[in-house]
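What the coordinates show
The lines below spell out each chain.
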Amino acid sequence: MARRRHTLWACLAVTVGLGWLAQAQGGDGESILRAREAALAARDAGAVMALFADDAVVGTSSGRVLVGKEQIRGWVTDQIDRQQREEAATRQAQGNKLVWSGTVYRDDWQKLGVSPLEVKQDAVIQDGKIKFFNTTFSPESWTKLQAARKKN
């Protein structure tokens, strides 16, 4: 009987501990987006992809709309191949949507002499996953990138 009670207490402790760990890792949008940025900087495509919902939608800075993990995986791979790194300013939460300005660094933009570029980003987090993610260039950054591309 005492052994059974210890086993029940151990199971309860593990369950509470796992719940605390999940909360500490952050089911909130800010933590999920920080984890995406860290995984991108670490060049860990699997970790980035694990943060997206299966039916997620991404709007890219180049104007493409990607639906589902298969299309998003190609975008993430491209970001990793180009050594992309992102720095986010303070995010503003609007329910499960977060909005922020950011700075994006990439090797190909560095070669053009325009890295980093300023962006506006927003994301919707649902059930602990990124359901929607969108990036647009600031008007100044878009103009700067287009001018640099025309020169090359």
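Please refer to the structure placed before this passage.
Summarised in this report is the structure supplied together with it. Quick caveat, the model's predicted, so the values are computed rather than measured. (Residues numbered from 1 in each chain as written. Predicted model: local features only at pLDDT ≥ 70, side-chain atom pairs only at ≥ 80, totals over all residues. Heavy atoms only, no water.)

Helix and strand counts for the chain come out as 6 helices and 7 strands. Buried positions account for 35% of the 152 residues belonging to the chain. Across the chain, contacts joining residues at least 24 apart in sequence account for 44% of those joining residues at least 6 apart. Carbon together with sulfur atoms contributes 55% to the accessible area of the chain, which is approximately 9,200 Å² in total. (Helix = DSSP H or I, 4+ residues; strand = E, 2+ residues; numbered from the N terminus. Buried < 20%, exposed > 50% of the residue type's maximum accessible area, 1.4 Å probe, protein only. Contact = heavy atoms within 4.5 Å. Areas by Shrake-Rupley, 256 points an atom, 1.4 Å probe, with all protein chains shown as cover.)

Our focus in this paragraph is the layout of surface pockets. The computed volume of the largest pocket comes to approximately 270 Å³. Surrounding the largest pocket, 21 residues form its lining, Ser-61, Ser-62, Trp-75, Arg-106 and Trp-109 being those nearest its centre. For the lining of the largest pocket, the secondary structure elements donating two or more residues are helix 4 (68–81), strand 6 (117–126), strand 7 (129–137) and helix 6 (139–151). A class-by-class count of the residues in the lining of the largest pocket yields 8 nonpolar, 7 polar and 6 charged. (1 Å grid on protein atoms, 1.4 Å probe; cavity = no way out; pocket = protein on both sides within 12 Å on 5 of 7 lines; lining within 4 Å. Points joined across faces, edges and corners; volume = space filled by probe spheres on them. Nonpolar A, V, L, I, M, F, W, Y, C, P; charged D, E, K, R; others polar.)

A few words on the packing of aromatic side chains. Under the defined criterion, the tally for this structure stands at 5 aromatic pairs. Here the aromatic rings of Phe-52 and Trp-75 are separated by 6.4 Å at their centres, their planes lie at 85°, and the arrangement is edge-to-face. Taken together, the positions of Phe-52 in strand 1 (residues 52–59) and Trp-75 in helix 4 put the pair 23 residues apart, joining distant regions of the chain. Trp-75 shares its class with Phe-52; the two are buried. Taken together, the ring pairs connect Phe-52, Trp-75, Trp-100 and Phe-133 into an aromatic cluster. When the ring centre of Tyr-105 is taken as reference, the NZ or CZ atom of Arg-85 above it lies at 4.0 Å. In this structure, Arg-91 is placed above the aromatic ring of Trp-100, and the distance from its NZ or CZ to the ring centre is 4.5 Å. (Phe/Tyr/Trp six-rings, centres within 6.5 Å; stacked < 30°, edge-to-face > 60°. Lys NZ or Arg CZ within 6 Å of the ring centre and 35° of its normal.)

Our next topic: the pattern of salt bridges. For side chains bearing opposite charge, pairing can occur when the charged atoms are close. Across all of its chains, the model carries 10 salt bridges by this definition. Asp-78 is the partner of Arg-82 in a salt bridge, and the nearest nitrogen-oxygen pair spans 2.8 Å. Close ionic contact of Asp-108 with Arg-106 constitutes a salt bridge, the shortest N to O distance being 2.7 Å. Just as Asp-108 is buried, Arg-106 falls in that class too. Each of Glu-30, Arg-34, Glu-37 and Arg-91 takes part in a single network of salt bridges with overlapping partners. (Salt bridge = Lys/Arg side-chain N within 4 Å of Asp/Glu carboxyl O.)

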